[in-house]
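Descriptive analysis of the structure
So you can see what is in the structure, the chains are spelled out below.
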Amino acid sequence: KTRNRKVSFTRPLVDRGSLYFLEERSPGTVTLQVSTAGGEVSEGPGANGDLDDISRDGSQLMFDRFDHARNQDDIWTQTFPSGVPRLIVKDVGNLELWSADGQSIFFDRSKENKTELYRANADGTGEEWLATIPENVQGHLSPDGAHIRVTDISRGLFTIWEVGTDGRNGHTILGGRQDVWGGVWSPDGRYYFFASWDGERWSVWAASEVQHWWRRS
């Protein structure tokens, strides 16, 4: 529990022993962490920006940092726990993810009223266009590293949209439901959990990735 602050509405991140989340403070947001076993909340690592992702081996952090002079967001990475922050990619959008093996990153960028998905090497070199995707938030990578899912906010409604990490087969999932937000796979990839808003309250749903059914938990 945090004290008299507003928790930022973004997905929390988990490594092998800690849960990380953002909290809004004046003049900006800070990264907080707490043990997955519970306990006191403390300030986590920061590169003067918002923590967006942690590599799967827990060794690399990825931050989004806003450059006020250029009015753009940039991707910074940092070796955990005591590395030096490094500027990797300039002018990015809402999606910033490590690949499953930590050797590359995925990000999006707004261009001519379109949102484009890119891949680059972990050091920011070798930038490659993959696909045109919807305006989005809450991007996340599948356990097998083969798919990216986002919350599509492009039409003022909230749907879950998926694309392969090769940029192919972009499509809406969950039957095109327009009341869903965020999402995460179970570690084994067999189930997908997401939130739904009915106009009065949030509920959490589980969808089978194998049998293609969903139910509220």
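This is a predicted model, so every value here is computed, not measured. (Residues numbered from 1 in each chain as written. Predicted model: local features only at pLDDT ≥ 70, side-chain atom pairs only at ≥ 80, totals over all residues. Heavy atoms only, no water.)

1. A short note on a nonpolar patch on the surface
- A cluster of nonpolar side chains, Val184, Phe193 and Val204, forms an exposed patch at the surface whose accessible area comes to about 230 Å².
- Within the secondary structure, Val184 sits in strand β18 (residues 180–185).
- Overall, the relative accessible area of 47% leaves Val184 in the partly exposed class. (Patch = residues over 30% accessible without salt bridge, like charges linked within 9 Å, V, L, I, M, F, W, Y side chains within 5 Å. Areas by Shrake-Rupley, 256 points an atom, 1.4 Å probe, with all protein chains shown as cover. Salt bridge = Lys/Arg side-chain N within 4 Å of Asp/Glu carboxyl O. Helix = DSSP H or I, 4+ residues; strand = E, 2+ residues; numbered from the N terminus. Buried < 20%, exposed > 50% of the residue type's maximum accessible area, 1.4 Å probe, protein only.)

2. Concerning the sheet that holds strand β14 (residues 136–141)
- One open sheet holds the four strands; their spatial order is β14-β15-β16-β17, and the pairing between them is antiparallel. At either margin of the open sheet sits one strand with a lone partner, and together these are β14 and β17 (171–172).
- Relative to β17, strand β16 (residues 159–164) runs antiparallel, the two being bridged by two bridges. Paired with Trp161 across the strands is Thr172, a residue of β17. (Pairing = 2+ DSSP bridges.)

3. Some details on unusual backbone geometry
- A positive phi is found at Asp91, a non-glycine position, where the angle reads about 60°.
- Among the structural elements, Asp91 can be located in strand β9 (residues 86–92).
- Unusually for a residue other than glycine, Leu174 sits at a positive phi of about 60°.
- Take Leu174: it is sitting in the loop between β17 and β18.
- Residue classification places Leu174 among the buried positions, given a relative accessible area of 12%.

4. Topic: the packing of aromatic side chains
- Applying the stated criterion to the full structure yields five aromatic pairs.
- A centroid spacing of 5.2 Å and a plane angle of 65° characterise the contact between Trp185 and Tyr192, whose relative ring orientation is edge-to-face.
- For Trp185, a relative accessible area of 10% translates into the label buried.
- With a relative accessible area of 0%, Tyr192 lands in the buried category.
- Counting every residue linked through ring pairs, the aromatic cluster contains Trp185, Tyr192 and Phe194.
- Stacked on the ring of Trp76, the Lys or Arg Arg65 has its end atom at 4.7 Å from the ring centre.
- Above the ring of Trp205, the side-chain terminus of Arg177 is found at 4.5 Å from the ring centroid. (Phe/Tyr/Trp six-rings, centres within 6.5 Å; stacked < 30°, edge-to-face > 60°. Lys NZ or Arg CZ within 6 Å of the ring centre and 35° of its normal.)

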